Amino acid sequence: LCLQVPELEKATVRIRQPERVRGIIQALREEGVAKLQVISDFDMTLSRFGCNGRRCPTSHNILDNSRVISEDGKKKLKDLLHHYYPIEIDPNRTLEEKRPLMVEWWTKAHELLVQQKIHKGDIAQIVRESEAMLRDGFKEFFDQLHKNNVPLFIFSAGVGDILEEIIRQANVFYSNVNVVSNYMDFNDDGVLTHFRGPLIHTYNKNNTVLQGTGYFQQLSTRTNIILLGDSMGDLTMADGVPSVENILKIGFLNDKVEERRGKYLDSYDIVLESDETLDVVNGILRHILTE
């Protein structure tokens, strides 16, 4: 496999069942570009987790820490984070326990943001002033998919308006990119009034959110999937796709690597540990997409 995809020799790569992975990659290649789609998380998957020892912001962080949020608002958002984030990543709590608490967190955070009277016209500048970064190799990733007409479906519990702006400013918002996320609604004066439903949080990224989007029906012939995520919640992102034939799940293990390695290796086919690049993904795509 490393002969075909040399990037898999990187020190950051872990694979529990190499033979199985080889079989999936082989099938994706043989069945060709017309049957392929990519489903990806955004924050900490397409965007970087860290840079020079500092954490990079998620799409929510970009908004939370921007100049359009009052000091009081920032403090309240931070308090929510300190309360709910440990719950989100707690390996000892069940998804059943976590789900209602995630809804609670997102709902409270969105209510706080609405109180800040954010202007639609400020979003581009907020993103420009932020430290948002896409992973190294992002241009090749977006370009390869676009050139080969492979749909890229970004499924994010973040803020859709912010992440779209990040992709736009990176000049890779192509026609094959579709985003499902939490979008803001603005009034006629361009002021944020509410977030559009349905609410998407870490642990409900599946078909229930997508019913009625028409997106999956439209892609019913694309039965081969490369799925990219960085959390356990991302594993269900393809659950709404009718009749999946082959799926390759690639997980970015960004944080608490030792502690979470086992769980990730049980769940993802390929695990990338503390890897801030899309090298492995690009290598696999090159192998699948070249004639």
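Residues numbered from 1 in each chain as written. Predicted model: local features only at pLDDT ≥ 70, side-chain atom pairs only at ≥ 80, totals over all residues. Heavy atoms only, no water.

The name given to the protein in an unreviewed UniProt entry is 5'-nucleotidase, and the organism recorded there is Leiothrix lutea. Under the UniProt heading Sequence similarities (unreviewed entry), the note attached to the protein is "Belongs to the pyrimidine 5'-nucleotidase family." Checking UniProt for the protein, the heading Subcellular location (unreviewed entry) contains the comment "Cytoplasm". (UniProt positions renumbered as here; feature names shortened; annotations may be inferred.)

By the criterion of burial, strand S10 (residues 246–253) is predominantly enclosed, with seven of the eight residues buried. Of the pairings in the sheet, the one linking strand S9 (residues 224–229) to S10 comprises six bridges and is parallel in character. Its bridge partner being in S10, Ile-226 is matched across the sheet by Leu-248. Across four bridges, the pairing between S10 and strand S11 (residues 270–273) is parallel. Counted as the bridge partner of Phe-252 is Leu-272 from S11. In terms of handedness, the path from S10 via helix H10 (residues 257–267) over to S11 forms a crossover that is right-handed. (Buried < 20%, exposed > 50% of the residue type's maximum accessible area, 1.4 Å probe, protein only. Helix = DSSP H or I, 4+ residues; strand = E, 2+ residues; numbered from the N terminus. Pairing = 2+ DSSP bridges. Right-handed = clockwise from strand over helix to strand, strands pointing away.)

The next subject is the domain arrangement of the protein. Looking at the protein, the domain boundaries give domain 1 (6–51 + 133–289) and domain 2 (54–129). Computed over C-alpha atoms, the centres of domain 1 and domain 2 are 21 Å apart. On the side of domain 2, 31 residues touch domain 1, which itself brings 36 residues to the contact. Across the domain 1/domain 2 interface, buried area totals approximately 2900 Å², and carbon plus sulfur atoms make up 68% of it. One can count zero salt bridges joining domain 1 with domain 2. The tally of links from domain 1 across to domain 2 stands at 13 residue pairs in polar contact (both at pLDDT 80 or more). The set of elements that each furnish at least two residues to the side of domain 1 that touches domain 2 consists of strand S3 (50–51), strand S5 (152–159), helix H7 (160–169), strand S7 (184–186), strand S8 (192–195) and H10. When the residues that make up the side of domain 1 that touches domain 2 are grouped by side-chain class, the tally is 17 nonpolar, nine polar and 10 charged. (Domains from an automatic or database assignment. Contact = heavy atoms within 4.5 Å. Buried area = accessible area lost by both parts, 1.4 Å probe. Salt bridge = Lys/Arg side-chain N within 4 Å of Asp/Glu carboxyl O. Polar contact = N/O pair within 3.5 Å; in protein donor to acceptor, adjacent residues only side chain to side chain. Nonpolar A, V, L, I, M, F, W, Y, C, P; charged D, E, K, R; others polar.)

It is worth spelling out the pattern of salt bridges at this point. Counted under the stated rule, the structure contains 29 salt bridges. A salt bridge links Glu-104 to Lys-108, with the nearest nitrogen and oxygen atoms 3.9 Å apart. Of this pair, Glu-104 and Lys-108 both sit in helix H4 (residues 95–115), four residues apart, roughly one helical turn. Judged by its relative accessible area of 36%, Lys-108 falls in the partly exposed class. Put simply, Asp-234 and Lys-205 hold a salt bridge, and the shortest N to O gap is 2.7 Å. With Asp-234 in the loop between S9 and S10 and Lys-205 in the loop between S8 and helix H8 (207–210), the pair connects residues that are 29 residues apart, well separated along the chain. By relative accessible area, which is 2% here, Lys-205 ends up buried.

Within H10, burial applies to Val-257, Arg-260, Arg-261, Tyr-264 and Leu-265. Projected onto a plane normal to the axis of H10, the buried residues spread over an arc of 145 degrees and lie on a single side. Facing away from the buried surface of H10 by more than 90 degrees, the exposed residues are Glu-259 and Asp-266. (Arc of directions from axis to C-beta.)

Attention now moves to the side chain of Thr-58. Take Thr-58: it is sitting in the loop between strand S4 (54–55) and helix H2 (59–64). Dropping the residues within four chain positions of it, Thr-58 is found in contact with Asp-43 and Met-44.

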